[in-house]
Amino acid sequence: MNQALKERQIDNRRTEGVRPSGSTTDPGWRGLLRRAAFGSAASIVVLSALVFKTIIPPLAVIFVLLAAGGTLAGRKGRIGVAGVVLAALGGAMFCGMGGSFVLGVIGAPEEPREFIPLVGGFVLALVVVVSAGALAVRGRSRGFERSGTARAVGAATVVILVGITVWSSFARMNFESAPAATGDIRVGANEFDFIPENITASAGEIAVHVDNRGAGLHTFTIDSLGVDLAVPAGKSQRVSFEAQPGEYDFYCKLHPGMDGRLAVS
Ligand SMILES: [Cu+2]
């Protein structure tokens, strides 16, 4: 990636269109698609190994589409076109299925194991789709393999990936767990339950201490009360809010079915 970045930087300093055709330092849309597809596929491996600790079938399918598509896209002719289509399909599936998870972690960069591969993989999947679109539009015109726009998109992608890595690393370093205070309702979170799932409190000011004992990020979210607390793995946080008597559902934004109920009397 560093070598590719250097090459792109050198490339960008030159005037457009003076490079000889067939230049190996210009990846073009197809080269960009292949690199992004491999990167996005790699992010799935990292997520599966470090966070999920299991192979999730839909992710495995996306991985195969991206890896096989990226490989075949390097071939000429119909096989190459099929590779582009497969990779685009995998990229679109990553964007569609990963979108809600990306929205969930985007406010919690202090969980780098999850944040970097998820957001980075999503960005790369988006680049795969964009590159496939560009190839489809430009495919019949001359010199479609080379494009200054592809170089610019590639360079911007590298900047974004470096940016989220730095951002997340700093956020983790500066993140401190909040100890529980007297009177806090204590809630534990793991994969994939809140413990306990039913909690009670008196109306007025309510404080909840959430201890994440799991391997990934969890949130403690109550939509109707505007409560949205993100707690990285192995960390704890507390949140206080006002509530009138009633029943409130709390849940984790990242994991459907991970929820509980707060009864306020
Ligand atoms: Cu969760």
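Structure's up top.
The following refers to the structure shown. Quick caveat: nothing in here was measured; it's all calculated off a predicted structure. Positions within a chain are numbered from 1, following the residues in the order the chain's sequence is written. With the structure being a predicted model, the display of local features is reserved for residues of pLDDT at least 70 and the display and counting of side-chain atom pairs for 80 or more, all residues being used for whole-chain, interface and lining totals. Side-chain figures throughout are based on the complete set of non-hydrogen atoms in the structure, without hydrogens or water.

### Brief notes about the coordination of the copper ion
Those protein atoms acting as donors to the copper ion are H218 (ND1), C252 (SG) and H255 (ND1), and they sit at 2.0 to 2.2 Å. For Na, K and Ca the donor cut-off is 3.2 Å, and for all other metals it is 2.8 Å, counting N, O and S atoms only; because water is absent from this set, sites may look incomplete. Read in sequence order, the donor residues coordinating the copper ion give the pattern H-x33-C-x2-H. Here C252 matches H255 in class, with each residue buried. Any residue under 20% of the maximum accessible area for its type is buried, any over 50% is exposed, and the rest in between are partly exposed; the area is computed with a 1.4 Å probe on protein chains only.

### Looking at the packing of helix 2 (residues 28-52) against helix 5 (residues 112-138)
Axes, fitted as lines to C-alpha atoms, cover a helix only where it is in contact. Angles between the N-to-C directions of the axes lie from 0 to 180 degrees. Only DSSP runs of H or I with at least four residues qualify as helices, and only runs of E with at least two residues qualify as strands; both kinds are numbered from the N terminus onward. Packing of helix 2 against helix 5 brings their axes to within 8 Å, and their N-to-C directions diverge by 155°. One way to sum up the angle between helix 2 and helix 5 is to call them roughly antiparallel. As for the relative orientation of helix 2 and helix 5, their crossing is left-handed in sense. Split into classes, the residues belonging to the contact of helix 2 with helix 5 amount to 19 nonpolar, 5 polar and 4 charged. Here the word oblique covers every angle except those under 35 degrees (roughly parallel), over 145 (roughly antiparallel) and from 65 to 115 (roughly perpendicular). Rotating anticlockwise by less than a right angle from the far helix to the near helix defines a left-handed crossing, while the corresponding clockwise rotation defines a right-handed one. Amino acids are sorted into nonpolar (Ala, Val, Leu, Ile, Met, Phe, Trp, Tyr, Cys and Pro), charged (Asp, Glu, Lys and Arg) and polar (every other residue, Gly among them).

### Some remarks on the packing of helix 3 (residues 57-72) against helix 4 (residues 77-105)
The axes of two packed helices give the description: the angle between them and the distance between them. At their nearest, the axes of helix 3 and helix 4 sit 7 Å apart, and the two run at 150° to each other. The angle between helix 3 and helix 4 falls in the class roughly antiparallel. The interaxial crossing formed by helix 3 with helix 4 has left-handed handedness. Contact residues: helix 3 offers P58, V61, I62, L65, L66, G69, G70 and L72, while helix 4 offers I79, G80, G83, V84, L86, A87, L89, G90, G91, M93, F94 and M97. A per-class count over the contact of helix 3 with helix 4 returns 14 nonpolar, 6 polar and no charged. Here, two residues are considered to be in contact whenever any of their heavy atoms come within 4.5 Å of each other.

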